[in-house]
Amino acid sequence: MTENSQQPQSAPTSELPTQYAPAEVEGKLYERWVERGYFAADAKSDKPAYTIVIPPPNVTGSLHLGHAFQHTLMDALTRRKRMQGYESLWLPGMDHAGIATQNVVERELGKEGKSRHDLGRDAFVERVWQWKEEYGGKILGQMRRLGDGVDWSRERFTMDEGLSQAVQTIFKKLYDDELIYRAERIINWCPRCLTAISDIEVEYQDDDGELVSMKYGEGDDTIVVATTRAETMLGDTAVAVHPDDERYRHLVGRRIKLPLTDRTIPVVADTHVDPEFGTGAVKVTPAHDPNDFAIGQRHGLESLTVMDERGVITVHGPFQGLDRFEARSAIVAALRAEGRIVAEKRPYVHSVGHCSRCKTTLEPRLSMQWWVKVGPLAEAAGDAVRDGRVSIHPADMSKRYFDWVDNMHDWCISRQLWWGHRIPVWYGPEGEVVCVGPDEEPPGTEAEGWKQDPDVLDTWFSSGLWPFSTLGWPERTPDLEKFYSTDVLLTGHDIIFFWVARMMMFGLYAMDGEAPFKTIALTGLVRDQFGKKMSKSSGTAVDPLDWMNAYGSDAVRFTLARGANPGTDVPIGEDWVQASRNFANKIWNATRFALMNGATVEGPLPDPSEMTATDRWILSRLNKTVAEVDAFYDDFQFAKLSDALYHFAWDEVFDWYVELSKTTFMAGGEPAKVSGRVLGEVLDVTLRLLHPIVPFVTETLWTTLTGGESVVIAEWPTDSGFRDAAAEREIETLQQVITEVRRFRADQGLQPGQRVPARLTLDGTALAPHEAAIRQLLRLQPEGEAFAATATLPVAGATVALDLSGTIDVAAERKRLAKDLAAAEKEKAQANAKLGNEAFLAKAPDQVVDKIRTRLAKADEDIARIQAQLERLPEA
């Protein structure tokens, strides 16, 4: 009753072990999949292409829960598309991670008592390559452990030969189009990594500092300014005030003495200054603050650099040679000695930028760097989303994207490192500047006075080319023709700025307006079970391999997918992984039962007229589930599709259909054969639906059930349209009866396996054919000669009369319920008293009042439930 049902190659030939042991099967299955080439994509195929390129993890990295989360979702998408008949390519690779990798190797050298300068540039780069071959790429093996269905034959690295050619090609093209330039600007400088850091790689945190107010000038020319970085005053070249500020109008254009120096500086009027903030006057240090730099540009101020690359004061005088933080204290002390300190505030909590790699406090610094002119590139990236060529999911994330691309500043792309793509620009003896393409020779030798720029490119420059450079660009390769543009970029919303916008700009530019992907599917971030950020320091960080070893990769994958609502953070705890392990075990045990009771996929499905209502019900529900899961996949609703599959498999198939069918299987004959074929169909389709998310357990069960080669290459189920509303209503009524009687039994304290004499009155209802199943599931034995109905339950048109004599102490039960009823009535009275007290309602917070209303509603529910239980009990 579903289309494209898998036809078996042979009947099941082996019995499943009693228990599922993930560790014994997962590694073997994955290697078999790779060896058989299931994940390899063919550019010559006539099938429609479906492409996802993996966000390249750092070569220094290992698998964390964020990786496991996104990889699970990408794997699910590509596995499903492969089953749907697409030429599905999930392309793997790694990022060379410039700063991170260089730091790792420099630390290794430090253990040997050496620095990179002891080796020299070429030898150091060779040492990094050696480290990469020996230690890098640990994450790739961990991806196999998770079950990533990537095409390993296409694995790429951002520093490999092909991608290096792509980097040099696009740099040359941008340079020739005047979209890359070199200029002296304020940048974020890391005194530890000794390199520029882009704005999006700055981590801001609130630090305890100091706010010092100090007097500049003498006599009537005195003006007070405040700063959190007193050491920079050595580089001040002006004081700025607002042009409309009457307090300082007489000072504008005049020069005042800069303390601790032999210089005077001008007072300038600039609209950037907020006259309402502080004293309304600000010190201007153009070489050490981006806003001050802009003021300096407007007023032609000199830019004085007062610190070197390590944050050490270079200005001649008593502070020369001091570290910036040492100089801060020394300068404040010197100003205090001169009587120039007006106020000091400590601690003064303010936001300070830190290097995302080494956590060092960054220093704004005037520096000659290479820049991308992002204006036209960013405009194109915005237009591609606005005109519908690229969709962002969920749609409400589009605002964050536009906020970024519509207000993007020029991008500093040079880094003062040795590991990375070296900038392909040469400087000649006569001041020549030549940019060299990948097929061009340098313009001259060092002996002739030519030198290559020493800087390397920002790591995000090369990773921005990832969707097309990995497919062979700048060559027009078969891979590029077949698999570009990619279908989905699935990534965290936190790197819209780092990576997504870069890829959009470069993809549209390099590929003549063709966007690098059709859909940007943004996920949230993985959090701990309380919704807080995981961290090693708080002890909440989790190694997903620990959970995979304990519970199996499928359990980790299903837990992550079940929490994946679009754009929303994903809380996760070990209890949830255990629950997913239990689900895998439930699938295993139910399939074992089915195989032992004749479940089969052999032959066509019987005609619905030959089926029981239970058979027709489950097939109707199966097709609805197929349609529902497909709709959720197309909307990237992984949590909803996982939940739908969980409840269909566990609740409807295993807890209801299998249990309701047991009497049919026990009776044998033709009805048992029909139900066996239906059960085989339901399991076949359910396992295929589950496979993209839980690939290992479904592979083992599906191949055993069907005898097929692999579920990886099985056809994805489609909705045949079969529906049976009457059967669904009939089984829903049956479920209502069974559920209500089970609840009554539990309320009376009966053990689940305890048998009770019962009389069933089912005449005139659709439940008559189900009497055997009702008695089986409810442990109801036939009424005997001494049967006395002590409790009667009318449910859904049927009547279930129970003889509880001898099974419970009615008097004791009535006494217990009476005590519970009194407690509930007391709770209700107290809640009503408070809610009826106007004085209390006037003073109590809303949340307190809401809590009391909730208590009242709960008390009403308890009273109704207990009274119903008392009415059903016989008289003592």
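This is a predicted model, so every value here is computed, not measured. (Residues numbered from 1 in each chain as written. Predicted model: local features only at pLDDT ≥ 70, side-chain atom pairs only at ≥ 80, totals over all residues. Heavy atoms only, no water.)

Enquirer: Could you clarify how one ought to interpret the sheet that holds strand 14 (residues 341-355) in this entry?
Expert: One key point about sheets: their strands pair by backbone hydrogen bonds, in either a parallel or an antiparallel sense. Judged by pairing direction, the sheet is antiparallel, and its three strands sit side by side in the order 9-8-14 without closing on themselves. Looking at strand neighbours, the two that pair on one side only are strand 9 (223-227) and strand 14, the edges of this open sheet. Here the strands of the sheet are splayed against their neighbours by 20° on average, with no regard to which way each runs. Two elements, strand 8 (residues 202-216) and strand 9, share five bridges in a ladder whose sense is antiparallel. Its bridge partner lying in strand 9, M214 is registered against V225. In this fold helix 9 (residues 324-337) packs onto strand 8 and strand 14, with an angle of close to 165° to the strand it touches most, strand 14. (Pairing = 2+ DSSP bridges. Helix = DSSP H or I, 4+ residues; strand = E, 2+ residues; numbered from the N terminus. Axes fitted to C-alpha atoms, helices over the stretch in contact; angles between N-to-C directions. Contact = heavy atoms within 4.5 Å.)

Enquirer: I would appreciate a short explanation of the state of the cysteines in the present structure.
Expert: In a disulfide, the sulfur atoms of two cysteines are held together by a covalent bond. Summed over all chains, the structure comprises zero disulfides. Of all cysteine sulfurs, the one in C358 lies closest to C190, which takes part in no disulfide; the gap is 3.5 Å. Exposure remark for C190: the relative accessible area of 0% places this residue in the buried category. As a non-bridged cysteine, C412 has C355 as the owner of its nearest cysteine sulfur, 14 Å distant. (Disulfide = S-S within 2.5 Å. Buried < 20%, exposed > 50% of the residue type's maximum accessible area, 1.4 Å probe, protein only.)

Enquirer: Where do I start with helix 15 (residues 496-510) in this structure?
Expert: Owing to its 3.6 residues per turn, the α-helix aligns residues three or four sequence positions apart on the same side. When the terminal C-alpha atoms of helix 15 are compared, their 20 Å separation across 15 residues agrees well with the 21 Å that a helix rising 1.5 Å per residue should span. With 14 of 15 residues buried, helix 15 is to be regarded as a mostly interior element. Positive phi appears at D512, one or two residues downstream of helix 15, with a value of about 55°. (Expected span 1.5 Å × (residues − 1).)

Enquirer: Just checking my understanding: could you explain helix 20 (residues 638-667) for this structure?
Expert: Between its first and last C-alpha, helix 20 extends 41 Å over 30 residues, near the 44 Å set by a 1.5 Å rise per residue. Positive backbone phi, approximately 75°, marks G668, located one or two places after helix 20.

Enquirer: Looking at this structure, how should I read the nonpolar core?
Expert: Inside soluble globular proteins, nonpolar side chains tend to come together where they are buried. Within the largest apolar cluster, 145 residues are counted, with the highest numbers of intra-cluster contacts made by L77, I618, Y633, F638 and L802. Among the elements that take part in this core, helix 20 stands out by supplying 14 residues, more than any other. Apart from the residues within four sequence positions on either side, Y633 is in contact with A76, L77, R80, F638, L641, P692, I693 and W716. (Core = buried A, V, L, I, M, F, W, Y, C linked by side-chain atoms within 4.5 Å.)

Enquirer: I keep staring at the packing of helix 10 (residues 375-386) against helix 11 (residues 398-405) and nothing clicks. Help me out?
Expert: Relative placement of two packed helices is described by the angle separating their axes and the distance separating the axes. Running from N to C, helix 10 and helix 11 cross one another at 160°; their axes reach a closest spacing of 9 Å. Taken together, the axes of helix 10 and helix 11 lie roughly antiparallel to each other. Seen from above, helix 10 lies across helix 11 with left-handed handedness. Where helix 10 approaches helix 11, its residues A378, A381, G382, V385 and R386 are matched on the opposing element by Y401, F402 and V405. For the contact of helix 10 with helix 11, a count of residues per class yields six nonpolar, one polar and one charged. (Parallel < 35°, antiparallel > 145°, perpendicular 65-115°, else oblique. Left-handed = near helix turned anticlockwise from the far one by under 90°. Nonpolar A, V, L, I, M, F, W, Y, C, P; charged D, E, K, R; others polar.)

Enquirer: Would you take a moment to explain the packing of helix 18 (residues 574-596) against helix 20 for this structure?
Expert: Across the interface, helix 18 lies against helix 20 with an axial gap of 11 Å and an inter-helix angle of 30°. Overall, the two elements helix 18 and helix 20 adopt an arrangement that is roughly parallel. For the pair helix 18 and helix 20, the crossing hand works out as left-handed. Of the residues in helix 20, those in contact with N582, F583, K586, I587, A590 and F593 of helix 18 are L645, Y646, A649, W650, F654, D655, V658 and K662. Counted by class, the contact of helix 18 with helix 20 contains 10 nonpolar, one polar and three charged residues.

Enquirer: I tried to follow the packing of aromatic side chains on my own but got confused; where do I start?
Expert: Any aromatic ring pair is given by two values, namely how distant the centres are and how the planes are angled relative to each other. By the definition in use, this model includes 26 aromatic pairs. Ring centres of W129 and W419 lie 5.3 Å apart, and the angle between their planes is 80°; this geometry places the pair in the edge-to-face category. Taken together, the residues span a long stretch of sequence, with W129 in helix 5 (residues 121-134) and W419 in the loop between strand 18 (414-415) and strand 19 (425-427) at a distance of 290 residues. Its relative accessible area of 25% is what places W129 among the partly exposed residues. (Phe/Tyr/Trp six-rings, centres within 6.5 Å; stacked < 30°, edge-to-face > 60°.)

Enquirer: Help me understand the pattern of salt bridges in this model?
Expert: Under the definition given, this model contains 53 salt bridges. With a closest N to O distance of 3.5 Å, R144 and E31 form a salt bridge. Here the residue R144 occupies a position in helix 6 (residues 138-146), and E31 occupies one in helix 1 (residues 22-35), the gap between them amounting to 113 residues. The class for R144 is partly exposed, based on a relative accessible area of 28%. Given the relative accessible area of 33%, E31 is considered partly exposed. Between E783 and R759 there is a salt bridge; the shortest N-O distance is 3.1 Å. (Salt bridge = Lys/Arg side-chain N within 4 Å of Asp/Glu carboxyl O.)

Enquirer: What am I meant to see in the side chain of R121 here?
Expert: Here R121 is to be found in helix 5. Although R121 is buried, it forms no salt bridge, and the closest oppositely charged side chain is D122 at an N-O distance of 5.7 Å. Among the polar contacts listed, one links the side chain of R121 to the backbone oxygen of P454, at a separation of 2.6 Å. (Lys, Arg positive; Asp, Glu negative; His and termini not counted. Polar contact = N/O pair within 3.5 Å; in protein donor to acceptor, adjacent residues only side chain to side chain.)

Enquirer: What is the right way to read the pairing of strand 24 (residues 517-523) from this model?
Expert: Strand residues, when the strand is regular, have side chains that alternate between the two faces of the sheet. Judged by how many residues are buried, strand 24 sits mostly within the fold: six of seven residues are covered. The sheet contact formed by strand 23 (residues 486-492) and strand 24 spans six bridges and is parallel. The residue bridging V488 from the neighbouring strand is T519, located in strand 24. Between the parallel pair strand 23 and strand 24, the chain is carried across by helix 15, and the sense of this crossover is right-handed. (Right-handed = clockwise from strand over helix to strand, strands pointing away.)

Enquirer: Is there a simple way to think about a negative patch on the surface in this case?
Expert: Taken together, the side chains of D543, D546, E574 and D575 define an acidic patch exposed on the protein surface. For D543, the location among the structural elements is in the loop between strand 25 (526-527) and helix 16 (544-551). (Patch = residues over 30% accessible without salt bridge, like charges linked within 9 Å, V, L, I, M, F, W, Y side chains within 5 Å. Areas by Shrake-Rupley, 256 points an atom, 1.4 Å probe, with all protein chains shown as cover. Charge placed at Lys NZ, Arg CZ, Asp CG, Glu CD.)

Enquirer: Got a minute to help me understand the sheet that holds strand 31 (residues 798-802) in this structure?
Expert: Strand order in the open sheet formed by four strands is 29-28-31-30, and the pairing between neighbours is mixed. Only two strands of the sheet have a single neighbouring strand rather than two, namely strand 29 (780-782) and strand 30 (791-795). If you compare each strand with its neighbour and ignore which way they point, the axes differ by 40° on average. Examined bridge by bridge, strand 28 (residues 756-761) and strand 31 share four bridges and lie antiparallel to one another. Opposite L760, over in strand 31, you have V800 as the bridge partner. Contacting strand 28, strand 29, strand 30 and strand 31, helix 23 (residues 725-747) crosses the sheet at an angle of about 150° to strand 30.

Enquirer: Help me understand the confidence of the model for the protein chain, please; the structure alone is not making it clear to me.
Expert: One rule of thumb: low pLDDT means the predicted coordinates there are not for detailed reading. For the protein chain, mean pLDDT is 92; residues scoring 70 or higher make up 97% of the total. Here residues 5-14 scores under 50 on pLDDT; set against residues more than four positions off or in separate chains, the count is 21 contacts. (pLDDT = per-residue confidence, 0-100.)

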